[in-house]
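Fold and contact review
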Amino acid sequence: MTTELSLDSLKRIVRDIMTTRPDEIGCDECVEELDRFVELELAGKNAAEALPLIQDHLDRCGDCHEEFEALLAALRAIT
Ligand SMILES: [Zn+2]
C-alpha cells in the first residue's frame, strides 16, 4: 500500500533529522581540534565545556574516541 510506504519513508526522514544535528562535526574537524582538547584536559580544565562539539563527537565516534584516549595517554606519559 502506498500510504504505508510513504509513512515508512517519512519515518526514515524524521530519523535522519534526529540523528544528524546541524552543528555536528566530522572526524577531520575533530582530529584537528583533538590536541587542543587533550591539552585542556591535561591542564585540568573542563575540555567538554570549552569544546562541546568535540566532546559530542567523541561520544558518538569510536575511532576518534580511541585516538583521544591514545593521545591523552601518550601526553600523560611524557609530562
Ligand atoms: Zn570521528
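Up top is the structure these notes are about.
Report follows, based on the coordinates. (Residues numbered from 1 in each chain as written. Predicted model: local features only at pLDDT ≥ 70, side-chain atom pairs only at ≥ 80, totals over all residues. Heavy atoms only, no water.)

A word on a negative patch on the surface
Among the surface-exposed residues, D63, E66, E67 and E69 lie close enough to one another that they form a single negatively charged patch. The topology assignment puts D63 in helix α5 (residues 62–78). Residue classification places D63 among the exposed residues on the basis of a relative accessible area of 60%. (Patch = residues over 30% accessible without salt bridge, like charges linked within 9 Å, V, L, I, M, F, W, Y side chains within 5 Å. Areas by Shrake-Rupley, 256 points an atom, 1.4 Å probe, with all protein chains shown as cover. Salt bridge = Lys/Arg side-chain N within 4 Å of Asp/Glu carboxyl O. Lys, Arg positive; Asp, Glu negative; His and termini not counted. Charge placed at Lys NZ, Arg CZ, Asp CG, Glu CD. Helix = DSSP H or I, 4+ residues; strand = E, 2+ residues; numbered from the N terminus. Buried < 20%, exposed > 50% of the residue type's maximum accessible area, 1.4 Å probe, protein only.)

Section: the packing of helix α4 (residues 52–60) against α5
Where α4 meets α5, the axes come as close as 6 Å, and the angle between the chain directions of the two elements is 110 degrees. Classified by the angle between their axes, α4 and α5 sit roughly perpendicular to one another. Here α4 and α5 pass one another in a crossing that is left-handed. Between α4, through H57, L58 and R60, and α5, the contact on the second element is made entirely by G62, C64, H65 and F68. Tallied by class, the residues present in the contact of α4 with α5 amount to 3 nonpolar, 3 polar and 1 charged. (Axes fitted to C-alpha atoms, helices over the stretch in contact; angles between N-to-C directions. Parallel < 35°, antiparallel > 145°, perpendicular 65-115°, else oblique. Left-handed = near helix turned anticlockwise from the far one by under 90°. Contact = heavy atoms within 4.5 Å. Nonpolar A, V, L, I, M, F, W, Y, C, P; charged D, E, K, R; others polar.)

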